[in-house]
Amino acid sequence: MDDDRTFTVATDSAVISLIESAKRRLVVIAPALSRAVADALAARFDELEHLDIRVIVDADAEVYRLGFGEREALEVIRDAASRNLLDLRVQPGVRIGVIISDEDTMVFAPVSKNIEAGSDTAEKPNAIVLRGASTEKLVRASGAHANDESPSGEIGNAALDPAKVEAMQADLERNPPAKFDITRRLQVFSSRVVYVEFEITGFALSRKQVPLPEDFSTVSDANLQAQISSRLRAPMAAVGAVQVTIGDGKDVKTALVDDAWLRKERKRIEDIYTFQIDNFGRVILREDRKDFDAAVQAFLTVVGRYHEKVRAALDSHRTAFQQSFVAEFLPRWTEAPPEYMTRWGNQPDEDSLKLELANRANEVFETMLAFEPPSVRLVEKNVSPSNVEDPRFLSRLRSIMERRRVPKAIIDSLFSSGEAAPEQGELLPNR
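Predicted, not measured: the structure shown is a model, and the values here were computed from it. (Residues numbered from 1 in each chain as written. Predicted model: local features only at pLDDT ≥ 70, side-chain atom pairs only at ≥ 80, totals over all residues. Heavy atoms only, no water.)

Peer 1: Would you mind showing me how to read the side chain of Arg 25 here?
Peer 2: Along the chain, Arg 25 falls in strand β2 (residues 25-29). At a separation of 3.0 Å, a polar atom in the side chain of Arg 25 contacts the main-chain carbonyl oxygen of Asp 102. Excluding its chain neighbours within four sequence positions, the residues that come into contact with Arg 25 are Leu 51, Asp 52, Ile 100, Ser 101, Asp 102, Glu 103, Thr 135, Glu 136 and Val 139. (Helix = DSSP H or I, 4+ residues; strand = E, 2+ residues; numbered from the N terminus. Polar contact = N/O pair within 3.5 Å; in protein donor to acceptor, adjacent residues only side chain to side chain. Contact = heavy atoms within 4.5 Å.)

Peer 1: I would appreciate a short explanation of the pairing of strand β5 (residues 97-101) in the present structure.
Peer 2: Moving residue by residue along a regular strand, the side chains alternate between the two faces of the sheet. Counting buried positions along β5 gives 5 out of 5 residues, so the element sits mostly inside the fold. Where burial is concerned, the two faces of β5 agree: the one with Gly 97, Ile 99 and Ser 101 and the one with Val 98 and Ile 100 are both buried. Bridge count between β2 and β5: 4 bridges; the pairing is antiparallel. By the bridge assignment for β5, Ile 29 is matched with Val 98. Here β5 runs beside strand β6 (residues 104-108); their pairing, made up of 5 bridges, is antiparallel. When the sheet's bridge partners are listed, Gly 97 is paired in β6 with Phe 108. Once β5 ends, the chain turns through 2 residues before running back antiparallel as β6, passing Asp 102 with a positive phi of about 55 degrees. (Buried < 20%, exposed > 50% of the residue type's maximum accessible area, 1.4 Å probe, protein only. Pairing = 2+ DSSP bridges.)

Peer 1: Which parts of the structure should I look at to understand empty space enclosed by the protein?
Peer 2: Here the idea is plain: a probe the size of a water molecule rolls over the atoms and shows the empty space left. Scanning the model with the defined rule gives 1 cavity of 30 Å³ or more in all. Taken as a whole, the largest cavity encloses approximately 40 Å³ of empty space. Lining the largest cavity are Pro 31, Ala 32, Leu 33, Val 57, Asp 58, Tyr 64, Ala 73, Leu 74 and Ile 77. Ranked by residues supplied to the lining of the largest cavity, first place goes to helix α4 (residues 71-83) with 3 residues. Broken down by class, the residue content of the lining of the largest cavity amounts to 8 nonpolar, no polar and 1 charged. (1 Å grid on protein atoms, 1.4 Å probe; cavity = no way out; pocket = protein on both sides within 12 Å on 5 of 7 lines; lining within 4 Å. Points joined across faces, edges and corners; volume = space filled by probe spheres on them. Nonpolar A, V, L, I, M, F, W, Y, C, P; charged D, E, K, R; others polar.)

Peer 1: What's the story with the sheet that holds strand β1 (residues 7-8) in this structure? I'm lost.
Peer 2: Where strands meet in a sheet, backbone hydrogen bonds hold them as pairs that are either parallel or antiparallel. Sheet architecture is open: 8 strands sit in the order β1-β7-β6-β5-β2-β3-β4-β8, paired in mixed fashion. One side of each edge strand has no neighbouring strand; the edge strands of this open sheet are β1 and β8 (158-159). Direction of pairing for β1 relative to strand β7 (residues 127-131): antiparallel, over a ladder of 2 bridges. Looking across to β7, one finds that Phe 7 is bridged to Ile 128.

Peer 1: Honestly, the nonpolar core in this entry has me stumped. Any pointers?
Peer 2: By size, the foremost hydrophobic cluster in this structure holds 44 residues, and its most contacted members are Leu 41, Phe 45, Ile 77 and Met 106. Of all the secondary-structure elements, those providing two or more residues to this core are α1 (12-21), β2, α2 (35-44), β3 (52-57), α3 (61-65), α4, β6 and α6 (162-174). Here this core takes 6 residues from α4, the largest share from any one element. The contacts of Phe 45, once residues within four sequence positions are left out, are Ile 53, Val 55, Ile 77, Ala 80, Ala 81, Asn 84, Leu 86 and Leu 88. (Core = buried A, V, L, I, M, F, W, Y, C linked by side-chain atoms within 4.5 Å.)

Peer 1: Explain the packing of aromatic side chains here, please?
Peer 2: Where two aromatic rings form a pair, the distance of their centres and the angle of their planes describe that pair. Under the definition given, this model contains 6 aromatic pairs. Measuring from centroid to centroid gives 5.8 Å for Phe 321 and Phe 325, while their planes differ by 35 degrees, and the two rings are tilted. Of the two residues, Phe 321 and Phe 325 both sit in helix α12 (residues 318-335), 4 residues apart, roughly one turn of that helix. Judged on exposure class, the residue Phe 321 and its partner Phe 325 are both buried. One aromatic cluster is present, formed by Phe 321, Phe 325, Phe 329 and Phe 365 through successive ring pairs. (Phe/Tyr/Trp six-rings, centres within 6.5 Å; stacked < 30°, edge-to-face > 60°.)

Peer 1: Looking at this structure, how should I read the pairing of strand β12 (residues 242-246)?
Peer 2: Side chains Val 242, Val 244 and Ile 246 project from β12 onto a buried face, and the interleaved Gln 243 and Thr 245 project onto a face without burial. Relative to strand β13 (residues 253-257), β12 runs antiparallel, the two sharing 5 bridges. Bridging across to β13, Ile 246 finds its partner in Lys 253. Where β12 folds back on β13, the antiparallel hairpin that results is connected by 6 residues, among which Gly 247 adopts a positive phi of roughly 80 degrees.

Peer 1: How do you make sense of α4 when you look at a structure like this?
Peer 2: For an α-helix, 3.6 residues make a turn, and residues three or four places apart therefore share a direction. For α4, spanning 13 residues, the distance from its first C-alpha to its last is 19 Å, which sits close to the expected 18 Å at 1.5 Å a residue. Of all the positions in α4, only Arg 71, Ala 73, Leu 74, Val 76, Ile 77, Arg 78, Ala 80 and Ala 81 are classed as buried. Lining the buried residues of α4 we find α2, β3, α3 and α6. Leu 85 lies just past α4 and shows a positive phi near 55 degrees. (Expected span 1.5 Å × (residues − 1).)

Peer 1: How should I be thinking about the environment of Ser 395 in this particular structure?
Peer 2: You can see Ser 395 is positioned in helix α16 (residues 391-403). Note: C-alpha distance between Ser 395 and Phe 415 (20 residues apart in sequence) is 9.6 Å.

Peer 1: When you look at helix α11 (residues 289-315) in this model, what are you seeing that I'm missing?
Peer 2: In a regular helix each residue adds 1.5 Å, so 27 residues correspond to 39 Å; α11 covers 39 Å between its end C-alpha atoms and thus fits that length. By the burial criterion, the buried members of α11 are Arg 289, Phe 292, Ala 295, Val 296, Phe 299, Leu 300, Val 302, Val 303, Tyr 306, His 307, Val 310 and Leu 314.

Peer 1: Which parts of the structure should I look at to understand the packing of α16 against helix α17 (residues 408-415)?
Peer 2: The relative placement of two packed helices is expressed as an angle between their axes plus a distance between the axes. Axis separation between α16 and α17 bottoms out at 10 Å; the angle between their running directions is 175 degrees. One finds that α16 runs roughly antiparallel with respect to α17. Residues Leu 394, Leu 397, Arg 398, Met 401 and Glu 402 of α16 pack against Ile 411, Leu 414 and Phe 415 of α17. Of the residues that constitute the contact of α16 with α17, the class distribution is 6 nonpolar, no polar and 2 charged. (Axes fitted to C-alpha atoms, helices over the stretch in contact; angles between N-to-C directions. Parallel < 35°, antiparallel > 145°, perpendicular 65-115°, else oblique.)

If you want it as structure tokens, here you go:
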């Protein structure tokens, strides 16, 4: 640590330097410790005859799940304290770090390794160094004064209860902290990449079918057979592709659109904005969601215009359909009219049968034209810890992103996030 600086950074090496240089008194206050700091601190417990030591920590399992320290570090200082009959102290919720070494004091902001790797340069400080009277005041506030008649400190007045530590350790066994590098990588992935289940249905019309009315028997007419096979099919082949306006304003253009065009366009949107990872699923960059949603909405607009054009084109086939329908069923109805037409003693003549058949044909045709709007299903799910630990997931995602020419800066931000925070590290690990 630079003795001339007031603003500095609390790396493990700086903290250990203060711990090792203490000759009369040593105060350590923090939510939790790294293993390296704990080892240095435990080594000083053998010097209690001439060194006043006070250690105040939190004992909540959440401290370790948040990445403020390593659970093994607490066992190290507990074992050393027990051998030397030193009382460790507890302060629930403490989220500040203080190291008092004789006349020097470092006050720092502990950094969660789950969030960032920490700084190793004083130009990015998270600590200040105090000396003289300020140190004395902090010593009294922490209850580390040598005079037993002095009032209690402001914090750390309760001993670290072994039963509470055991409960904490059991909690961590049930729900252990994630490795620091995995947690940080997961946070980066979750903030930039999500799984997405994407499906658009109901836009294609060539296979659109409607139920054949129950009171109609099999059909022998060749033209009608092409449209009826126990279900009625719209005569899309006769319509073919239709001219549809694409886009709006200065970007407007026209295109010949049919079901094949729509399927190709849907896949184009999917391929531009999402990444299919074999055996894992499809993911999307969060920053692409706005453009992706806009592309889907534009696609739905085209589908709506396509349906309107197809409706208009199909309507020109209405008369021919009615004529075929009437010609097919009139002989059968003449021999055996439907029950609802004879129920009240009526005897329908040929004209009334033709009229009813024309009406029924029109009902069927209207059903063919009743295109439901397309349905969009879009479900997001966060990337899981098991994914970011799986080299197959990582390599396949990197590979497809590189093939799709995703900017190198984006790819690097995903795949370097974990390496910046080592699994075994410092109280405030270096960048």
